[in-house]
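# Coordinates in review
Residue-level listing of the chains:
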Amino acid sequence: RLLKSDVGHDAAFSSACDEADFASWKSYRKQFVGAKTPSELKVAYLAGPEPTHDLQVFIDLGVRPENIWAFELPKHFEFTLTDLKENPVRGVKALPMKIQAFFRSSPVRFDIIYFDACGPVPSRQQQTTQALVDLFRYCALEPLGTLITNFAMPDMTKADTADNFGTLVSAYLYPKCFLDRPDGSL
């Protein structure tokens, strides 16, 4: 049976499919790509020393506390725990580790990752780029998951920082088309 959307070589393939196989595939796909309620969403975020503001926003939007992972560096984790103890919310998973270490060591996938880095993208000290690389390398986002990022402006007064940032921006822009070319070419 052909579907309205069948074109070209897909028509031959779809006509060979059994209705039961098609129904099974739709059911399987719905497990991974479908509508979720806010209470079904899994969220990871960088907690910081005062994690309850962001946490409360997620909860107010309907995310269950048990589905929220909050990450903070071990050296600052005491402040995070103190702030969480003052908040009556229970069930949040607060972890004293870098978020990228979790991505490397756990198969958990998130629907939303809120990566408020508080540092520039090209930062060797804060390893912001490495965290993003690990996020994608270890498939930390669910299919159709959302990555929300926030980065600080790099300190452009340092020559090596300006060079690194310039290299990053130029590598990003090099293959792009620009509006000032009428034909859209490079």
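This is a predicted model, so every value here is computed, not measured.

## Section: the pattern of salt bridges
Going through the model one piece at a time under the given rule, you end up with five salt bridges. Between glutamate 66 and arginine 64 there is a salt bridge whose closest N-O contact spans 3.2 Å. We note a salt bridge from arginine 137 to aspartate 134, for which the minimum N-O separation is 3.5 Å. Highlighted residues: arginine 137 and aspartate 134, both in helix α6 (residues 128–137), separated by three residues, approximately one helical turn. For arginine 137, a relative accessible area of 52% gives the class exposed. One salt-bridge network, in which partners are shared between bridges, spans Arg104, Asp134 and Arg137.

## Points about helix α4 (residues 77–86)
If you check which residues of α4 are buried, you get Phe77, Thr80, Asp83 and Leu84. Here the buried residues of α4 occupy an arc of 125° about the axis, which is enough to place them on one side. Exposed side of α4, more than 90 degrees from the buried face: Glu78, Phe79, Lys85 and Glu86 are the residues found there. The elements touched by buried residues of α4 are α3 (52–60), β2 (68–72) and β3 (93–96).

Thresholds, definitions, all that
Residues numbered from 1 in each chain as written. Predicted model: local features only at pLDDT ≥ 70, side-chain atom pairs only at ≥ 80, totals over all residues. Heavy atoms only, no water. Salt bridge = Lys/Arg side-chain N within 4 Å of Asp/Glu carboxyl O. Helix = DSSP H or I, 4+ residues; strand = E, 2+ residues; numbered from the N terminus. Buried < 20%, exposed > 50% of the residue type's maximum accessible area, 1.4 Å probe, protein only. Arc of directions from axis to C-beta. Contact = heavy atoms within 4.5 Å.

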